[in-house]
Every structure is written in structure tokens, then in C-alpha cells.
Amino acid sequence: MHEDEEGVERRAATGLTPSGADQEFLALERELTVLLRRARASQGEMAREVHPDLESAAYGLLVRLDECGGQRATELAAYVGVGKATMSRQLRALEELGLIAREPDPADGRAWLVALTDEGRRRVGTVREARRGRYVRQLAHWDRTEVAELARLLSQLNGVMEK
């Protein structure tokens, strides 16, 4: 089917592609794809900086524990979006590397909390500080209000994506 000029102009005016998708959402999808690809690669690098044997996916667990303190394995699994078996395997590996330890939950003696060891906290802190330094250098030409706005918008996006 051949489209007439009026149809092309109508799509251009509404921002729709021939498939009907909004240009803004296509641009968002494209930029998020690039960002996520780079983030996965960066997460792998940061994991290796914490410990050469650390799995890429486990880095996020360490950051969560660094920010929130001790948590139950079930809370971590829910936060990351993995099952109990996967979480148990990842925590066991982190424990074997000396980055986390299990301690009794003071609120429930039957449960355990997972927390960073001093060594885990030191290693994660060193890597995170280097990362923040890289952001500061890469975004030095940005106004701080732009950086704050980007962080606010990403937080808003993450909140929507959780639902």
C-alpha cells in the first residue's frame, strides 16, 4: 500500500512512526538500551575491581548492603528480582570471598541477616568512590542542577519500573 503525502504529514505532526510508535518513546528505548549495555559492562568491571572472582550480578548486592546495612536473604532476592536458590548461591559465593557474613537477626532469632564484612565494606567503598570520581570528571561540564535532575528522573523511572 502506498501512502499519500497527507498521511506522511499527519504522522510527522503527531510524532508517530509508520508502525505507530511515538518518536519520543523510540528515542527513550534506544538510549536506555545503550545505557543498560554500558551499565552491564561497567558492573562487570566494578565487580572484578572488588574481587577478581566476583560475579557481575553480585556487585549490586554488595552496593545494596553498603547502602542499607544488613538484610535478610529474602529481602535481597526480592530487591534484585531473583529466586531463593539463585540468591543462596550468590550469597554463598560472597561469603566464601570474605565479603559478607551472616549474623542473627536481632528482631527474630530464627532469621539471619546478611551484612558486609569490614573487608567487603572497604573494597566496595573504594570501587564506588572511584566510580563517583569518574562521573564527576565525565559530567564536569554539566551544571549540578542538571545532574540532580537526571538523578531525580532516573529515580522516578526506577520507581515506575518496580511496579
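Residues numbered from 1 in each chain as written. Predicted model: local features only at pLDDT ≥ 70, side-chain atom pairs only at ≥ 80, totals over all residues. Heavy atoms only, no water.

Going by the annotation in an unreviewed UniProt entry, the name recorded for the protein chain is MarR family transcriptional regulator, with Streptomyces sp. 900105755 given as the source organism.

The number of helices and strands found in the protein chain is seven helices and two strands. Written out in order from the N terminus, the α and β elements of the protein chain read α-α-α-α-α-β-β-α-α. Residue burial in the protein chain is summarised as follows: out of 163 residues, 24% are buried. Carbon and sulfur atoms make up 55% of the accessible area of the protein chain, which amounts to about 11600 Å² in all. (Helix = DSSP H or I, 4+ residues; strand = E, 2+ residues; numbered from the N terminus. Buried < 20%, exposed > 50% of the residue type's maximum accessible area, 1.4 Å probe, protein only. Areas by Shrake-Rupley, 256 points an atom, 1.4 Å probe, with all protein chains shown as cover.)

Residues in a regular strand point their side chains to alternate faces of the sheet. Inspection of the sheet shows strand S1 (residues 100–105) paired to strand S2 (residues 108–116) by six bridges, in the antiparallel sense. Among the inter-strand pairings, Ala101 is bridged to a residue of S2, identified as Ala115. Count of turn residues in the S1/S2 antiparallel hairpin: two residues. (Pairing = 2+ DSSP bridges.)

It is the contact of helix H3 (residues 56–68) with helix H6 (residues 118–138), at a shortest axis distance of 10 Å, that shows an interaxial angle of 100 degrees. When the axis of H3 is compared with that of H6, the two are roughly perpendicular. Contact residues: H3 offers Tyr59, Leu62, Val63, Asp66 and Glu67, while H6 offers Arg121, Val124, Val127 and Arg128. Across the contact of H3 with H6, the residue classes break down as five nonpolar, no polar and four charged. (Axes fitted to C-alpha atoms, helices over the stretch in contact; angles between N-to-C directions. Parallel < 35°, antiparallel > 145°, perpendicular 65-115°, else oblique. Contact = heavy atoms within 4.5 Å. Nonpolar A, V, L, I, M, F, W, Y, C, P; charged D, E, K, R; others polar.)

Attention shifts here to the side chain of Ser42. Position of Ser42 relative to the elements: it lies in helix H2 (residues 23–50). Among all residues touching Ser42, those that are not within four sequence positions of it are Arg131 and Arg134.

Estimated volume of the largest pocket: approximately 2300 Å³. In this structure, the largest pocket is lined by 40 residues; those nearest its centre are Leu35, Ala39, Arg131, Tyr135 and Leu154. Within the residue set of the lining of the largest pocket, elements represented by two or more residues are H2, H3, helix H4 (73–80), H6 and helix H7 (144–162). Per-element tally for the lining of the largest pocket: the top contributor is H2, with 11 residues. (1 Å grid on protein atoms, 1.4 Å probe; cavity = no way out; pocket = protein on both sides within 12 Å on 5 of 7 lines; lining within 4 Å. Points joined across faces, edges and corners; volume = space filled by probe spheres on them.)

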